[in-house]
Amino acid sequence: MKNICMRRHEITLHPESARVIIRSFIPAEPRLIRAIIGRAMALTEEEVAKELQAVHAEFEGRHYDMDLPFLAHYAKVREHIDSKTPLTLSREQLIGALFSGEYSLEAAALFNPSIVPHPDQSGVPDGGLRFIMSLRATGEGHISSIEFRDGTISPEGDIQLAPVSRYVTVPEVLPNPSYRKRQFVIKLHEMGFDNSCAKAVMNPLGETFVLSELAQSVKRVHNGNLPDTQDTQNTLECVQWLADSNYELRFSAKLALSERIIFPVSANESNGIEDARFVRFTEDDGSVMYYATYTAYNGRAILPQLIETQDFLHFRVLTLNGNAVQNKGMALFPRRINGRYAMLSRQDDENLFIMFSDNTHHWNDPQLLLSPAAVWESVKVGNCGSPMETQDGWLVITHGVGPMRKYCIGAVLLDLNDPTKVIGRLTEPLLCPEGSEREGYVPNVVYSCGSLIHGNDLILPYAMSDKATAISSVALDKLLAVLKA
């Protein structure tokens, strides 16, 4: 674009198919499960030890710990074992291995990045910055997960990524996560379960409760005096679904950032965790929380959800409430505005909206903010991550879709005190796919899920045609000058 010079850094993150996790593969037919188990049960202990040793010899160089997932997968099929005699640990592990397989997280793509300052800035030189980049990794079956990279920006604006580990590890899913009663009840009501059964389950619980307390309450209601109607069954099933959709994850602090992977856990994200938009949020009291909005996909429907973390080790995954929680592209502002939270969103697959709330989990009443204007964005317009605060206003990186469904990146400037007011927008794209950037899983696309400002540089990581990721930067003062003009 005229008057704005984009610097494309010599950094490209390509998908690496060798980064694999161990995933369960269990047939849907019980007959097949029993047949596989039967063959393993027919082996002698010597044969079991030999076969298990062979599995370890072939695969243990590709994983930190194989026995833990083997035993977890054994537990999933244990009910199909007829023998009353306790099995040896080696036989349990071998049975687990028979229902396991490697899943290549990045086999198809590594794209749609967002970038935030690292919570640990120790040892960084004055004028430099350590950052965390989230990425959408996509493998077989187009199942998406969240990966991380970290790196530094020098005082001169040069960017360097930390080495990427060969290993990838899924977190521990905490067995007894905590819940906030108010949000839980609101979501039940939204889903149409404001009835006596729901009240009987929720009323005895405290303002915060854990899964075991919820399970006890459900059991009391199930064994109580309520009639066993279809409505009661549906309500109890919904309570369980909602509990499963809100969960907590924990990584070991020994793991490097590139070794941490958030893979789908709940049923509503069984086909992918898509396009996480991370933002470093600062509360009015100065406390910091990292939030990410993402799209959960179960193969049929999408559901926007929220991630909370302070350290990128412990994560809470939560459902969102409200009539505006729909479609894709929700992006949270990095602080309150006039005492309220603010969010960009896309309600209709065409325009960009803005909404305000007193609660990060509850969103209603979106207002139209931006509609397609120039030809390069005439099909639809959306955000490329959370707004960034500048002295001149909120800088929003956008994406526009034009002829031949070509995606380009633009920018908009919103008023600091009233972000429903548009100060200016680019009439030409800031970044368009060029050369090899045009080739990939979805051609002719550049896209981002979040940028950051460092000094006078806007650091803009972007995906290239839903395949790989690159990083660009631009002088902030020059971009703002064009937007204000």
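Asks: Even after reading the chapter, I still don't get the overall build of the chain, so can you show me in this structure?
Replies: Summing up its helical and strand segments, the chain has 9 helices and 29 strands in all. Over its C-alpha trace the chain gives a radius of gyration of 25 Å, about what one expects of a compact globule, namely 23 Å for 485 residues. Oriented by its inertia axes, the alpha-carbon framework of the chain measures out at about 80 × 55 × 45 Å. Counting over 485 residues, the chain shows a buried share of 53%. Looking at the chain alone, contacts between residues at least 24 apart form 62% of all its contacts between residues at least 6 apart.

Asks: Mind showing me how you'd approach the packing of helix H7 (residues 211–222) against helix H8 (residues 230–245) here?
Replies: The description of two helices packed together rests on the angle between their axes and the distance between the axes. Where H7 contacts H8, the two axes come as close as 11 Å, and the packing angle between them is 175°. On the basis of their axis angle, the class for H7 and H8 is roughly antiparallel. Here Leu211, Leu214, Val218, Val221 and His222 of H7 lie close against H8, whose contacting residues are Leu236, Val239 and Ala243.

Asks: Got a minute to help me understand the layout of surface pockets in this structure?
Replies: Empty space among the atoms becomes apparent when a probe as large as a water molecule is rolled across them. One number sums up the size of the largest pocket: a volume of about 1,100 Å³. What lines the largest pocket is a set of 29 residues, among which Ile22, Pro69, His73, Val170 and Pro171 lie closest to the centre. Looking at the lining of the largest pocket, the elements with two or more residues in it are strand E2 (20–24), helix H3 (67–77) and strand E8 (172–173). The element contributing the most residues to the lining of the largest pocket is H3, with 5 residues. Residues that form the lining of the largest pocket fall into these classes: 19 nonpolar, 6 polar and 4 charged.

Asks: Would you explain the pattern of salt bridges in this entry?
Replies: Evaluated as defined, the whole model comprises 25 salt bridges. Of the charged contacts in the structure, one is a salt bridge between Glu147 and Arg19, with a shortest N-O distance of 3.2 Å. Of this pair, Glu147 sits in strand E6 (residues 144–153) while Arg19 sits in the loop between strand E1 (7–13) and E2, and the two are 128 residues apart along the sequence. Take Glu147: its relative accessible area is 0%, and that puts it in the buried class. Judged by its relative accessible area of 3%, Arg19 falls in the buried class.

Asks: Help me out: how do you make sense of the packing of aromatic side chains in this one?
Replies: How two aromatic rings sit relative to each other is given by the distance of their centres and the angle of their planes. Per the stated rule, a full pass over the model turns up 16 aromatic pairs. Clustering of aromatic rings is evident, with ring pairs tying together Phe148, Phe251, Phe278, Tyr290, Phe312 and Phe315.

Asks: Where do I start with the packing of H3 against helix H4 (residues 89–98) in this structure?
Replies: Interhelical geometry of H3 versus H4 gives an angle of 80° and a closest axis separation of 7 Å. In terms of orientation, H3 and H4 fall into the roughly perpendicular class. Here H3 contributes Asp67, Phe70, Leu71, His73, Tyr74 and Val77 to the contact with H4, which in turn contributes Leu89, Glu92, Gln93, Ile95, Gly96 and Ala97. Looking at the contact of H3 with H4 residue by residue, the classes come out as 7 nonpolar, 3 polar and 2 charged.

Asks: So what exactly am I meant to see when it comes to the sheet that holds strand E20 (residues 367–370) here?
Replies: Two pairing modes exist for strands in a sheet, parallel and antiparallel, and in both the strands are linked by backbone hydrogen bonds. Read from one edge to the other, the open sheet built from 4 strands follows the order E17-E18-E19-E20, with strand pairing classed as antiparallel. Each having just a single partner strand, strand E17 (331–332) and E20 make up the two edges of the open sheet. Where E17 and strand E18 (residues 341–345) come together, 2 bridges link them in antiparallel fashion. For Ala331, the partnering residue across the bridge sits in E18 and is Leu344.

Thresholds applied
- Residues numbered from 1 in each chain as written.
- Predicted model: local features only at pLDDT ≥ 70, side-chain atom pairs only at ≥ 80, totals over all residues.
- Heavy atoms only, no water.
- Helix = DSSP H or I, 4+ residues; strand = E, 2+ residues; numbered from the N terminus.
- Rg over C-alpha atoms; globule rule 2.2 N^0.38 Å.
- Buried < 20%, exposed > 50% of the residue type's maximum accessible area, 1.4 Å probe, protein only.
- Contact = heavy atoms within 4.5 Å.
- Axes fitted to C-alpha atoms, helices over the stretch in contact; angles between N-to-C directions.
- Parallel < 35°, antiparallel > 145°, perpendicular 65-115°, else oblique.
- 1 Å grid on protein atoms, 1.4 Å probe; cavity = no way out; pocket = protein on both sides within 12 Å on 5 of 7 lines; lining within 4 Å.
- Points joined across faces, edges and corners; volume = space filled by probe spheres on them.
- Nonpolar A, V, L, I, M, F, W, Y, C, P; charged D, E, K, R; others polar.
- Salt bridge = Lys/Arg side-chain N within 4 Å of Asp/Glu carboxyl O.
- Phe/Tyr/Trp six-rings, centres within 6.5 Å; stacked < 30°, edge-to-face > 60°.
- Pairing = 2+ DSSP bridges.

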